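The lines below spell out each chain.
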Amino acid sequence: MSTVLTNITKSYDSEKNVLTDVNAEIQTGEFFVIVGPSGCGKSTLLRMIAGLTPISEGEIRINDDVVNDLPPKDRNLTMVFQSYALFPFLSVWDNVAFGLKARKNTSQAEIEERVNDALKMVNLEDLKERKPRELSGGQRQRVALARAVASDAKICLMDEPLSNLDAQLRIKMRQEIYALQRKLGLTLIYVTHDQVEAMTMADHIMVLHDSKVQQIGTPAEIYKYPANEFVAGFFGVPPINILPAVKISDGRLNVNNDFEVTVDQQVPTDDLKVGIRPNELMIEKTDELHANATVKTIEFLGDEKIVYIKMSNNDLEVAAVVASDAEFKAYDSIKVSTTEKVLLFNGDGVNITRNAEDAVNA
Ligand SMILES: Nc1ncnc2c1ncn2[C@@H]1O[C@H](COP(=O)(O)OP(=O)(O)OP(=O)(O)O)[C@@H](O)[C@H]1O
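Residues numbered from 1 in each chain as written. Predicted model: local features only at pLDDT ≥ 70, side-chain atom pairs only at ≥ 80, totals over all residues.

## Overview of the domain arrangement of the protein chain
What counts here: Start and end positions for the domains come from either an automated domain assignment or a database one. Each residue gets one label: Ala, Val, Leu, Ile, Met, Phe, Trp, Tyr, Cys and Pro are nonpolar, Asp, Glu, Lys and Arg are charged, and the others, such as Gly, are polar.
Assigned domains of the protein chain: these are domain 1 (2-230) and domain 2 (239-361). Each of domain 1 and domain 2 has a C-alpha centre, and the two are 38 Å apart. Residues that form the side of domain 1 that touches domain 2 fall into these classes: 4 nonpolar, 2 polar and 2 charged.

## Quick notes on helix H4 (residues 137-151)
Given 3.6 residues per turn, any residue in an α-helix points the same way as the ones three and four places further on. Note the threshold: Strands here are runs of E lasting at least two residues and helices are runs of H or I lasting at least four, both read from the DSSP assignment and numbered beginning at the N terminus. Here, expected helix span is obtained from the residue count minus one, scaled by 1.5 Å. Any residue surrounded by 20 or more other C-beta atoms within 10 Å of its C-beta is treated as buried, while 12 or fewer makes it exposed and the intermediate range makes it partly exposed; C-beta atoms here are placed from the backbone. A pair of residues counts as a contact when their C-beta atoms, built from backbone coordinates, are within 7 Å of each other.
Taking 1.5 Å per residue as the helical rise, H4 with its 15 residues ought to reach 21 Å, and the 22 Å between its terminal C-alpha atoms agrees with that figure. Among the 15 residues of H4, 12 are classified as buried, and the element is accordingly described as predominantly covered. Every buried residue of H4 is listed here: Arg140, Gln141, Arg142, Val143, Ala144, Leu145, Ala146, Arg147, Ala148, Val149, Ala150 and Ser151. Among the structural elements, strand E6 (77-81), helix H2 (92-103), helix H3 (108-121), strand E7 (155-159) and helix H5 (167-184) are those in contact with the buried residues of H4. Two residues or fewer past H4, Asp152 is found with a positive phi of approximately 65°.

## What about the sheet that holds strand E2 (residues 19-27)?
We count it as follows: Strand pairing follows a simple DSSP-based rule, namely that at least 2 bridges must link the two strands. Working convention: axes come from line fits to C-alpha atoms, limited for helices to the stretch in contact. Angles between N-to-C directions cover 0 to 180 degrees.
Spatially, E2-E1-E4-E5 is the arrangement adopted by the 4 strands of the open sheet, whose pairing is antiparallel. The open sheet has two free edges, formed respectively by E2 and strand E5 (65-66), since each of these has just one partner strand. Summarising the sheet, strand E4 (residues 57-62) and E5 pair through 2 bridges and their orientation is antiparallel. Residue Arg61 lies in a different strand from E5, and its bridge partner there is Val66. Of the strands in this sheet, strand E1 (2-10), E2 and E4 are in contact with helix H1 (residues 42-50), which crosses E1 at around 120°.

## Regarding the confidence of the model for the protein chain
Put simply, the rule reads: Every residue gets a pLDDT, meaning the predictor's confidence in that residue, from 0 to 100.
Model confidence for the protein chain is summarised by a mean pLDDT of 89, while 97% of its residues fall at 70 or above. What the predictor reports for the complex is a pTM of 0.89 with an ipTM of 0.97.

## Brief notes about the sheet that holds strand E13 (residues 259-262)
With respect to topology, 5 strands assemble into an open sheet ordered E13-E12-E11-E14-E20, the strand pairing being antiparallel. Taken across any chain shown, the strands that pair with only one partner, and hence form the sheet edges, are E13 and strand E20 (343-345). With strand direction ignored, the average angle separating the axes of adjacent strands in the sheet is 40°.

Below is the structure:
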C-alpha cells in the first residue's frame, strides 16, 4: 500500500519543465513532506497527486492503481489548503460534514458520529455552531483539519496549511497535526517551504529545486548526508558555511587559504569546497597579526550567540554558533578554524564526503 510517483514531468507551456522526472514512493501511514524554495513546483506536484492538475508525463499509482485519469473525487484523498477553503455561510459543523453529505452514500447517523468525533479530536466541539468568520485563524485551520479527519480518506494532502498563522500558533498546530497524523495512521503528504516544519514533522522529506528532486530521505539523513550543496544550505539555521578548499595532501586540505583541516578520505585535486556547520566553526580572539577574520555582528539567542564573521583575505562571510557567555564583539580580530566534522563538495556541488554517497543512495 503506497503512493508511487514514476517519472513525473510537468510543463505548463512547452518551454520549460516545472518538474522533471520526479520519482518517489510514499508509504501508507507516513508523514511525507515536500519542501523547496518558492516556485520549485511543490504545489504543482501536490495538485497532480490530487488530480487537480494534469501531469504531462509519467505515472501516479495509489495502492497499485494508476490514477492518472481519475478525477479527484475518485482518488480517496482529502486536501487542506493554506486558505482553509471553508464555506463562510455554513457553521463549523456543516463545514466538516459537507464532504460526507455530498458523497450521498453515508447515512445520517454515520455522518453525525464522524463529524462529532472529528470536532472532538481537534477540540472544537464547543464552537460547532459558529461561522468561520467568528473563529481565529488557528480555529479555522482546525476546522479544515477536522474535515480531513471526518472524510475517512486514506490520504490527506496539505499545502502550506500553517503559513497564515503567527509563529506561536504555527508551532502549536504543527504539534497537533503531527499528533493527529500519528493517531489516525493517516498518509499525509505535506507541502511547505519551511525547513523547520519539514525537519520536525516528516518521516521522509523530498527536497525539490530547479525542477528536480534533489534528495529524498529522513530528516537525519538529509541533515547529516545532504546530497549536494543546495540541500546542505537549505537545512540548518544559520546555514552551513561553504568555503573554497585546496588539497595539500590526501587527508589534508587548506580551507579558504586560511586554515587547514584533516579529512578521513582521498580527495580530488581541484575544484573543492568545504561545508562547515556554524556549530563546527571554531573562533578565538587573537591579536591582529594572527587574525584571519573580523567579527561583523552578533545575534544573541539566549543560550547561544551567532557570530557573523568576515574572512580577511576574500571578504567571504561565515557564521559561528558559540555559547552565549563567549565574549565577542563587533570588530574583534579573530582566528577561524574548524573541527574535523566537515562536508566536502566537488565543483558541481555534489557531496563527496566519504559515506555520503552510500547514505544518499540508500
Ligand atoms: N497554472 C499555471 N500556469 C502556468 N504556470 C504555472 C501555473 N501554476 C504554477 N505555475 C508555475 O509553475 C512553477 C511552480 O509553481 P508552484 O506553485 O508549483 O510552486 P511552489 O513550489 O508551490 O511555490 P510557492 O512555494 O511559491 O507556492 C512556478 O514557476 C509557477 O509560476
